[in-house]
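# Commentary on secondary and tertiary structure
Given next are the chains, with one letter for each unit.
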Amino acid sequence: MNDSMNYNIEEPEVGLVQILQIINRSKWKILLYTLIPTILTFLLVSMSEPLYDASGSVLIEPQFDSLIAGTESPRASARGDEYAVRSQAEILRSRSLSEQVISKLDLANNEVFLSSFEGKFDSLKSIFSGSTKPATYTDEEIFQQFSDNLGVLTVDGTRVIKIQYRSASSELAADAVNTLIEAYLGSQLDNKFESIDSASSWLNERVEQLTSQVSEAEQKIEEFRAKHGLIEANGSTILNQEIA
């Protein structure tokens, strides 16, 4: 006959002394794990630069597409204005104007602008690696970075376009907005001068054509008079004098 036997296994009790000993042996690890996030957070906050937004506005002139004033309905006119504003906003976003600003402000060599390429973790990496060699960027990368910092917004119900630029430098932000607006207005003036030149050239050609037609008509009249014996005398033809 088997007798059942009960075994009571007592778990070892961990006292306060043992806990303190464990903490004491691992104190450097605990301190390290606590300090590293704190130091990284401090570095990220201390290296973060304030960003400045500069803005400017452009008023688009109304478009007169109709040749006869007053023949266009108000709804069609409003729709035409909307399309015109959108078209001008795309021109302000265009690569050609952006490249003019990049070139005039020499952004490819501007330290403040180039610093916008780097994130906070890139800055930390350069600190720990000790690398101070400036990075080089392609024209495409510079254009993309400029476009990312640029905002062109249309204001609903108006012919106003708002231009914004964000930078770590308030001066650079203002210069970017002002230079872009100057480049845009310059391009608009160039387009108007080209239109005037084209219209003037067309008018000159038309005047030459009409002058040539008048000369041909006068020549034919003279030939007709000579053929039929109609000689002009004292402001009237001989035939007219005979009839009189």
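Preceding this paragraph is the structure being described.
Heads up: these notes are all about the structure in this document. (Residues numbered from 1 in each chain as written. Predicted model: local features only at pLDDT ≥ 70, side-chain atom pairs only at ≥ 80, totals over all residues. Heavy atoms only, no water.)

### Quick look at the overall build of the protein
Spelled out, the test is: Only DSSP runs of H or I covering at least 4 residues are called helices, and only runs of E covering at least 2 are called strands; the numbering of each starts at the N terminus. Values of accessible area rely on a 1.4 Å probe in the Shrake-Rupley scheme; residue burial ignores everything except the protein chains shown.
Each helix and strand in the protein was counted, giving nine helices and five strands. Along the chain direction, N to C, the helices and strands of the protein fall in the order α-α-β-α-α-α-α-α-β-β-α-β-β-α. Accessible area of the protein: about 19000 Å², with a carbon and sulfur share of 55%.

### Details of the packing of aromatic side chains
The condition that has to hold: When two rings of Phe, Tyr or Trp (its six-membered ring) have centres within 6.5 Å they constitute a pair, described as stacked for plane angles under 30 degrees, edge-to-face for angles over 60, and tilted for the intermediate range. In this scheme, Lys NZ or Arg CZ marks a charge over a ring once it lies within 6 Å of the ring centre and within 35 degrees of the ring normal.
Enumeration according to the criterion identifies three aromatic pairs in this entry. Ring geometry for Phe113 and Phe117: centres 5.9 Å apart, planes at 90°, overall edge-to-face. Every member of this aromatic cluster is reached through a ring pair, and the members are Phe113, Phe117 and Tyr137. Looking at Arg95, its charged tip hangs above the ring of Phe143, at a distance of 4.3 Å from the centre.

### Details of the packing of helix α4 (residues 95-104) against helix α7 (residues 139-149)
We count it as follows: Helix axes are fitted to C-alpha atoms over the stretch in contact, other axes to C-alpha atoms as well, and angles between N-to-C directions run from 0 to 180 degrees. For classification purposes, angles smaller than 35 degrees are called roughly parallel, those larger than 145 roughly antiparallel, those between 65 and 115 roughly perpendicular, and all remaining angles oblique. Should any heavy atoms of two residues lie within 4.5 Å, those residues are considered in contact. Ten residues, namely Ala, Val, Leu, Ile, Met, Phe, Trp, Tyr, Cys and Pro, are considered nonpolar, four, namely Asp, Glu, Lys and Arg, are considered charged, and the remaining ones, Gly among them, are considered polar.
It is at 10 Å that the axes of α4 and α7 come closest, and there the two elements cross at 100°. As the angle between them shows, α4 and α7 are arranged roughly perpendicular. Taken together, the residues of α7 that come into contact with α4 (itself represented by Arg95, Ser98, Val101 and Ile102) are Glu140, Ile142, Phe143 and Phe146. Classifying every residue of the contact of α4 with α7 gives five nonpolar, one polar and two charged.

### Topic: unusual backbone geometry
Residues apart from glycine generally show negative phi values, whereas peptide bonds are mostly found in trans. In plain terms, the rule: Burial status follows relative accessibility: with a 1.4 Å probe on protein chains alone, a residue under 20% of its type maximum counts as buried, one over 50% as exposed, and anything between as partly exposed.
Positive phi is not limited to glycine here, since Asp106 has a value of about 50°. With respect to the helices and strands, Asp106 occurs in the loop between α4 and α5 (111-115). On the basis of relative accessibility, which here comes to 39%, the residue Asp106 falls in the partly exposed class.

### Some details on the layout of surface pockets
Our working definition: Here a cavity means grid points, on a 1 Å grid over the protein atoms only, where a 1.4 Å probe fits yet cannot get out; a pocket means an open set of points with protein on both sides within 12 Å along at least five of seven lines; lining residues are those with an atom within 4 Å of a point. Grid points are joined across faces, edges and corners, and a volume is the space filled by probe spheres set on the points.
Here the second largest pocket defines a volume of roughly 270 Å³. If you go around the second largest pocket, you meet twelve residues; those closest to its centre are Leu59, Glu61, Tyr184, Gln188 and Lys192. Those elements that provide at least two residues to the lining of the second largest pocket are β1 (52-59) and α8 (170-227). Partitioned by chemical class, the residues of the lining of the second largest pocket number six nonpolar, four polar and two charged.

### Concerning the sheet that holds strand β3 (residues 160-167)
Here is the rule we go by: DSSP-based pairing: two strands are paired if at least 2 bridges between them are found.
The strand order across the open sheet built from three strands is β1-β3-β2, with neighbouring strands paired in antiparallel fashion. The sheet is open, and its two edges are formed by β1 and β2 (150-154), each paired on a single side. When the angles between neighbouring strand axes are averaged without regard to direction, this sheet yields 20°. Lying on the sheet, α7 is in contact with β2 and β3; it crosses β2 at an angle near 45°.

So far we have only geometry, and geometry alone does not tell us how the molecule works.
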